[in-house]
Amino acid sequence: MSDSSIEDKVFDSVAELFGVLSTPIRLKIISAVCHGEKNVSELLSVIDTTQPNMSQHLGMLYRSGVLARRREGTQIYYRLQSERVATLCRAVCTQVAIELDEESKVSPGDRLVPAMHR
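Here is what the cut-offs are and how they apply
Residues numbered from 1 in each chain as written. Predicted model: local features only at pLDDT ≥ 70, side-chain atom pairs only at ≥ 80, totals over all residues. Heavy atoms only, no water. Salt bridge = Lys/Arg side-chain N within 4 Å of Asp/Glu carboxyl O. Buried < 20%, exposed > 50% of the residue type's maximum accessible area, 1.4 Å probe, protein only. Patch = residues over 30% accessible without salt bridge, like charges linked within 9 Å, V, L, I, M, F, W, Y side chains within 5 Å. Areas by Shrake-Rupley, 256 points an atom, 1.4 Å probe, with all protein chains shown as cover. Lys, Arg positive; Asp, Glu negative; His and termini not counted. Charge placed at Lys NZ, Arg CZ, Asp CG, Glu CD. Helix = DSSP H or I, 4+ residues; strand = E, 2+ residues; numbered from the N terminus. Contact = heavy atoms within 4.5 Å. Pairing = 2+ DSSP bridges. Axes fitted to C-alpha atoms, helices over the stretch in contact; angles between N-to-C directions. Core = buried A, V, L, I, M, F, W, Y, C linked by side-chain atoms within 4.5 Å.

K.L.:
Help me out: how do you make sense of the pattern of salt bridges in this one?
P.N.:
For the structure shown, the criterion picks out 3 salt bridges. With its nearest N and O atoms 2.8 Å apart, the salt bridge here joins R70 to E72. Accessibility expressed as a relative area gives 45% for E72, which makes it partly exposed. Here R90 ties to E83 by a salt bridge, and the two come within 3.6 Å at their closest N and O atoms. Given the relative accessible area of 43%, E83 is considered partly exposed. When salt bridges that share partners are traced, they join E37, R70 and E72 into one network.

Put into structure tokens, the structure is as follows:
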């Protein structure tokens with residue numbers, strides 16, 4: 001495999017992952033299950049959305065391999081499949097929070113957040 005095709009494969013995979021993570025509710029779900037598994041009711045108690053919308057996003061995160069799940073009676077519990085996804089989300093969200101802080105000393109060239117979002 002050439003370096004170019006490996007690079008293309010990497011960029012395709014990263015774009016697919018960023019697409020899965022591109023919705024605020026999915027980031028909230030990942031954050032909510034970072035420290036342990038939760039069922040749909042527990043997630044709905046911390047994330048303001050409808051049950052059908054929550055189920056749709058949980059299904060997408062499960063199908064993409066971000067979340068794992070297990071059934072216990074009538075409940076389905078979701079957890080992170082990979083701690084690496086949580087680490088990536090935490091790093092990006094922390095950096096954006098720093099940049100959104102009015103007192104941030106991050107130079108414009110080093111920012112992740114476009115000027116229009118500050």
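K.L.:
Just checking my understanding: could you explain a negative patch on the surface for this structure?
P.N.:
On the surface, D3, E7, D8, D12 and E16 cluster together into a patch of negative charge. When you line up the elements, E16 lands in helix α1 (residues 3–20).

K.L.:
Just to check I follow, could you spell out the side chain of N39 for this structure?
P.N.:
On the secondary structure map, N39 appears in strand β1 (residues 38–39). If we ignore the near neighbours within four places in the chain, the residues touching N39 are Q75, I76 and Y77.

K.L.:
Could you clarify how one ought to interpret the sheet that holds strand β3 (residues 75–80) in this entry?
P.N.:
Strands belonging to one sheet form pairs held by backbone hydrogen bonds; the direction of such a pair is parallel or antiparallel. Reading across the sheet, the 3 strands line up as β1-β3-β2 and stay open at both edges, with antiparallel pairing between neighbours. Edge positions in the sheet fall to β1 and β2 (67–72), since each of these pairs with one other strand and no more. Relative to β3, β2 runs antiparallel, the two being bridged by 6 bridges. In the strand pairing of β3, L67 is matched with L80. Of the strands in this sheet, β2 and β3 are in contact with helix α4 (residues 51–63), which crosses β2 at around 115°.

K.L.:
It is not clear to me how the nonpolar core should be interpreted in this structure. Could you clarify?
P.N.:
The nonpolar side chains of soluble globular proteins are, as a tendency, buried together. Grouped together as the largest cluster of nonpolar side chains are 21 residues, with contacts concentrated most on I29, I30, L58 and L67. Those elements that place two or more of their residues in this core are α2 (24–32), α3 (40–46), α4, β3 and α5 (83–100). The residues touching I29, leaving out its near neighbours within four places in the chain, are I47, M54, H57, L58, L61 and L67.

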